[in-house]
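Results of the structural survey
Okay, here's what each chain looks like letter by letter:
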Amino acid sequence: MGNSFGNIFRITTFGESHGKAIGVIIDGCPAGLEIDEAFIQQELDRRKPGQSKITTQRKEDDTFEILSGVFEGKSTGMPITIVIANKDQRSKDYSHIADQFRPSHADYTYQQKYGIRDYRGGGRSSARETAARVAAGAIAKMVLKQHDIKIDAYVSQVGDIKAPDHTTLDFSKTESNIVRCPDQKTADEMIELIDQVRKDRDTIGGVVTGVLRNVPVGLGEPVFDKLHAALGGAMLGINAVKGFEYGSGFEGVKMRGSTHNDEFYTEGDKVKTKSNHSGGIQGGISNGEEIYFNVAFKPVATIMQDQDSVNEKGEAIKVSGKGRHDPCVVPRAVPIVEAMAALVVVDFFMIAQTSKLR
């Protein structure tokens with residue numbers, strides 16, 4: 001039904017934006033993993049609303065409760081259930097669109113598909129659901145930490161403003177500013193642009209770049225479950241995402257094969273590549289090099305301006321956004337991108353253990 005993700009390390013999320021709670025069930029987490037609840041909360045805090053002047057002012061603490069699968073601080077191998085209560089719902093902010101379709105939202109498609117929809121904040125289609133993914137991703141990160149696999153994401157572009165190449169950046173500085181760009185000069189320009197867009201009662205899009213390091217050789221299941229295909233599917237399943245590219249991506253079409261090919265060499269007992277246009281993946285399988293990708297987010301669909309639309313009767317109407325919304329989604333999307341990448345990698349890491357006799 002589209003609410004579950006993964007194969008061995010598998011999650012199912014539940015809940016709506018303005019319901020009592022949202023949450024996730026994680027099945028397949030290995031037993032004996034020390035569950036760091038402070039880390040889970042830290043990850044949720046990075047995604048939660050109301051962080052700064054450039055995010056929605058909805059106030060949710062996003063505190064969570066673990067209902068099952070953890071005993072004396074360790075995973076038991078049973079399903080882990082995490083629940084996050086919704087505390088700052090303002091359903092009245094959406095009563096005016098109960099029978100209206102907001103432009104570029106999921107209102108129309110949900111109504112046509114199901115014949116019923118929760119119009120309060122978009123219900124299940126709301127990005128509020130991604131908090132559950134971040135909680136699950138935090139546990140996936142705990143598994144990956146055991147193998148020194150590192151996952152970082154940051155805002156690399158807002159509108160036309162772009163950060164320097166990821167190879168020149170210090171990811172430890174990503175959380176040093178409210179836009180989550182590790183280059184401070186670029187961050188200042190991004191913040192100024194987002195704030196101006198907010199004052200204009202409008203929204204703007206951007207790009208989040210993900211970087212995966214120390215991923216072992218051999219992750220990915222050709223031919224249909226290639227690693228880059230799974231990463232692409234994971235990212236395109238995030239609200240407001242309109243594009244995904246890895247390695248050289250679309251820029252690679254400008255190059256010749258003689259330049260684009262990543263030549264091999266040996267360093268000690270390891271095989272490495274002189275360049276990394278492949279983005280750490282060849283034939284759908286990780287090759288041990290750094291994996292990097294870009295995720296494009298559209299401008300948030302809710303804007304505080306009148307727009308043409310129709311209601312459920314097909315009558316022409318004017319729709320204007322109300323309530324609390326992000327002028328740019330990418331600062332809060334950083335931990336979501338990391339979480340989905342972690343869920344993919346931990347799942348493929350487990351699958352890889354079945355690839356050959358050992």
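The text that follows walks through the structure, step by step, so that each part is easy to find.

Basis of the calculations
- Residues numbered from 1 in each chain as written.
- Predicted model: local features only at pLDDT ≥ 70, side-chain atom pairs only at ≥ 80, totals over all residues.
- Heavy atoms only, no water.
- Helix = DSSP H or I, 4+ residues; strand = E, 2+ residues; numbered from the N terminus.
- Rg over C-alpha atoms; globule rule 2.2 N^0.38 Å.
- Buried < 20%, exposed > 50% of the residue type's maximum accessible area, 1.4 Å probe, protein only.
- Contact = heavy atoms within 4.5 Å.
- Areas by Shrake-Rupley, 256 points an atom, 1.4 Å probe, with all protein chains shown as cover.
- Lys, Arg positive; Asp, Glu negative; His and termini not counted.
- Charge placed at Lys NZ, Arg CZ, Asp CG, Glu CD.
- Phe/Tyr/Trp six-rings, centres within 6.5 Å; stacked < 30°, edge-to-face > 60°.
- Lys NZ or Arg CZ within 6 Å of the ring centre and 35° of its normal.
- Pairing = 2+ DSSP bridges.
- Axes fitted to C-alpha atoms, helices over the stretch in contact; angles between N-to-C directions.
- Polar contact = N/O pair within 3.5 Å; in protein donor to acceptor, adjacent residues only side chain to side chain.
- Core = buried A, V, L, I, M, F, W, Y, C linked by side-chain atoms within 4.5 Å.
- Salt bridge = Lys/Arg side-chain N within 4 Å of Asp/Glu carboxyl O.

1. Some details on the overall build of the chain
Secondary structure assignment for the chain yields seven helices and 18 strands. On C-alpha atoms alone, the chain measures out to a radius of gyration of 21 Å, which is about the 21 Å that the 2.2 N^0.38 rule sets for 358 residues. Across its three principal axes, the chain shows a C-alpha extent of roughly 65 × 50 × 40 Å. In the chain, buried positions account for 49% of the 358 residues. Sequence-distant contacts in the chain: of pairs separated by 6 or more residues, those separated by 24 or more amount to 69%. For the chain, the exposed area adds up to about 17500 Å²; of that, 50% sits on carbon and sulfur atoms. Looking at charge distribution, the chain has the averaged site of its 45 positive side-chain charges lying 3 Å from that of its 48 negative ones.

2. Regarding unusual backbone geometry
Cis rather than trans, the peptide bond between P222 and V223 has omega equal to 10°. Here V223 is to be found in the loop between β10 (206-213) and α5 (227-236). Its identity as a non-glycine residue notwithstanding, D62 has a phi of 55°, on the positive side. The topology assignment puts D62 in the loop between α1 (37-47) and β4 (64-68). Here N214, not a glycine, exhibits a phi torsion of approximately 65°, which is positive. With respect to the helices, strands and loops of the structure, N214 is situated in the loop between β10 and α5.

3. Considerations on the packing of aromatic side chains
Applying the stated criterion to the full structure yields four aromatic pairs. Between F244 and F293, the ring centres sit 5.6 Å apart and the planes meet at 40°, which makes this aromatic pair tilted. Linking F244 in strand β11 (residues 241-246) with F293 in strand β16 (residues 291-297), this pair joins segments that are 49 residues apart in sequence. A single burial state applies to F244 and to F293, both of which are buried. Above the face of the Y114 ring, K113 is positioned so that its terminal group lies 5.5 Å from the ring centre.

4. Regarding the pairing of strand β17 (residues 306-310)
Relative to strand β18 (residues 316-320), β17 runs antiparallel, the two sharing five bridges. Across the sheet, D306 pairs through a bridge with S320, a residue of β18. In sequence, β17 turns back onto β18 through a hairpin of five residues, with G314 there showing a positive phi of about 85°.

5. Overview of the sheet that holds β11
Taken together, five strands build an open sheet; the order of strands is β9-β8-β10-β16-β11 and the sheet is antiparallel. Edge positions in the open sheet fall to β9 (161-162) and β11, since each of these has one partner strand only. Judged from the five bridges that link them, β11 and β16 form a sheet pairing that is antiparallel. When the sheet's bridge partners are listed, G243 is paired in β16 with A296. Against the sheet, helix α4 (residues 184-199) contacts β8 (150-158) and β9, and its axis sits at roughly 55° relative to β8.

6. A closer look at the side chain of Q157
Looking at the element boundaries, Q157 is found in strand β8. Side-chain polar atoms of Q157 contact the backbone oxygen of G159, separated by 2.8 Å. Not counting residues up to four positions away in its chain, the partners in contact with Q157 are K162, M190, G206 and V207.

7. Re the nonpolar core
It is characteristic of soluble globular proteins that their nonpolar side chains tend to be buried jointly. Within the largest apolar cluster, 78 residues are counted, with the highest numbers of intra-cluster contacts made by F9, I26, I139 and F297. No other element matches helix α7 (residues 330-352), which puts 17 residues into this core. If we skip the residues at most four places from it in the chain, F9 touches I26, D27, G28, C29, A136, I139, A140, V143, L343, V346, D347 and M350. Listed in part, the five residues of the second largest apolar core include Y154, L169, F171 and V211.

8. Focus on the pattern of salt bridges
For the structure on display, the rule yields 25 salt bridges. For the salt bridge of D152 with R213, the shortest nitrogen-to-oxygen distance reads 2.3 Å. In this pair, D152 is assigned in strand β8 and R213 in strand β10, connecting sequence segments 61 residues apart. Each of E43, R46, K141, E175, R180 and E338 takes part in a single network of salt bridges with overlapping partners.

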